Amino acid sequence: DAGITQSPRYKITETGRQVTLMCHQTWSHSYMFWYRQDLGHGLRLIYYSAAADITDKGEVPDGYVVSRSKTENFPLTLESATRSQTSVYFCASGGGRSEAFFGQGTRLTVV
Amino acid sequence: EDQVTQSPEALRLQEGESSSLNCSYTVSGLRGLFWYRQDPGKGPEFLFTLYSAGEEKEKERLKATLTKKESFLHITAPKPEDSATYLCAVTNLASGTYKYIFGTGTRLKVLA
């Protein structure tokens, strides 16, 4: 099916652990994005990518790492998870000139 | 710095009671303004894109309009199924890249 999928949908991890959130899109969109959504802050951009092998920081990049070796995949890694990274994470993709399309989100809890 | 402000934060309407949501933006050069709908536990769902002042888009009971400083999402005769959080986002022409900057949203509740 065409679209954008995130995995896992739910994740509980311990403080200090490394965790990777996956994002896959089937549209061949050039742009991909990672956002986190927290009460009172709305959607905040963590990292984005304009094309394979091109990534850049967003508003809140600290503690996160991304890579984009293939156009369709854009994984987000928390190198050493902290409780402040408990959030809902959304991946999105877009062609660049128009709207972005979002995945269903990953609810991450760091205990 | 690019900024998007949405008002009100929350809105309760009776079924059939029309109203408008506001999205004020500050960008050095607007490339596009986007409206999304988000239901609890789900990702934002795209509604409209507006590119220039004076532009309008309609879909069922929703109509989006754009001026040089703000956008309105008009909801005509809303139904309970219109209850959701409505998000506004902009992309900046001057930045050279397509980063979508979001407001914090308006939580709409339509009562039967």
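Scope of this entry: the structure provided in the associated data block. Not measured: the values here are computed from a predicted model.

### Quick word on the nonpolar core
Then step 1. Of all hydrophobic cores here, the largest spans 23 residues; its most connected members are B:Leu33, B:Trp35, B:Leu73 and B:Tyr86.
Then step 2. Counting residues per element, the ones that place at least two in this core are strand E2 (10–14), strand E3 (19–26), strand E4 (30–38), strand E5 (45–50), strand E7 (62–66), strand E8 (70–75), strand E9 (84–92) and strand E11 (106–111) of chain B.
Then step 3. No other element matches the four residues that E9(B) contributes to this core.
Then step 4. Once you skip the residues sitting within four places of it in the chain, B:Leu33 turns out to touch B:Cys23, B:Tyr25, B:Phe48, B:Thr49, B:Leu50, B:Leu66, B:Ser71, B:Cys88, B:Ala89 and B:Val90.
Then step 5. Within the second largest apolar cluster, 19 residues are counted, among which are A:Val19, A:Cys23, A:Met32 and A:Val60.

### With respect to the pattern of salt bridges
Then step 1. Going through the model one piece at a time under the given rule, you end up with seven salt bridges over all chains.
Then step 2. A:Arg44 is the partner of A:Asp38 in a salt bridge, and the nearest nitrogen-oxygen pair spans 3.0 Å.
Then step 3. The salt bridge involving B:Glu55 is made with B:Lys57; its shortest N-O contact spans 3.6 Å.

### Looking at the interface of chain A and chain B
Then step 1. The interface is formed by 21 residues belonging to chain A together with 18 residues belonging to chain B.
Then step 2. Around 1700 Å² of area is buried between chain A and chain B when both sides are counted, 56% of it from carbon and sulfur atoms.
Then step 3. Taken together, the links from chain A to chain B amount to zero salt bridges.
Then step 4. At the junction of chain A with chain B, the criterion picks out six residue pairs in polar contact (both at pLDDT 80 or more).
Then step 5. Only strand E4 (31–38), strand E5 (42–51) and strand E10 (100–102) of chain A provide two or more residues apiece to the side of chain A that touches chain B.
Then step 6. For the side of chain A that touches chain B, the class distribution of residues is ten nonpolar, eight polar and three charged.

### Comments concerning the layout of surface pockets
Then step 1. Its volume calculated, the largest pocket comes out at about 660 Å³.
Then step 2. Lining the largest pocket are 28 residues, with A:Gln37, A:Asp38, A:Leu39, B:Gln38 and B:Thr85 positioned closest to its centre.
Then step 3. Where the lining of the largest pocket is concerned, the elements lending two or more residues are E4, strand E9 (87–94) and strand E11 (106–110) of chain A together with E9 and E11 of chain B.
Then step 4. Per-element tally for the lining of the largest pocket: the top contributor is E9(B), with three residues.
Then step 5. Split by residue class, the lining of the largest pocket holds seven nonpolar, 14 polar and seven charged.
Then step 6. Space inside the second largest pocket adds up to approximately 460 Å³.
Then step 7. Contributing to the lining of the second largest pocket are 19 residues, with A:Glu59, B:Glu1, B:Asp2, B:Ile101 and B:Phe102 lying nearest its centre.
Then step 8. Every element with two or more residues in the lining of the second largest pocket is listed here: E5 of chain A together with strand E1 (3–7) and strand E10 (101–102) of chain B.
Then step 9. Here the lining of the second largest pocket is composed, by residue class, of seven nonpolar, seven polar and five charged.

About the thresholds
- Residues numbered from 1 in each chain as written.
- Chains lettered and ligands numbered in written order.
- Predicted model: local features only at pLDDT ≥ 70, side-chain atom pairs only at ≥ 80, totals over all residues.
- Heavy atoms only, no water.
- Core = buried A, V, L, I, M, F, W, Y, C linked by side-chain atoms within 4.5 Å.
- Buried < 20%, exposed > 50% of the residue type's maximum accessible area, 1.4 Å probe, protein only.
- Helix = DSSP H or I, 4+ residues; strand = E, 2+ residues; numbered from the N terminus.
- Contact = heavy atoms within 4.5 Å.
- Salt bridge = Lys/Arg side-chain N within 4 Å of Asp/Glu carboxyl O.
- Buried area = accessible area lost by both parts, 1.4 Å probe.
- Polar contact = N/O pair within 3.5 Å; in protein donor to acceptor, adjacent residues only side chain to side chain.
- Nonpolar A, V, L, I, M, F, W, Y, C, P; charged D, E, K, R; others polar.
- 1 Å grid on protein atoms, 1.4 Å probe; cavity = no way out; pocket = protein on both sides within 12 Å on 5 of 7 lines; lining within 4 Å.
- Points joined across faces, edges and corners; volume = space filled by probe spheres on them.

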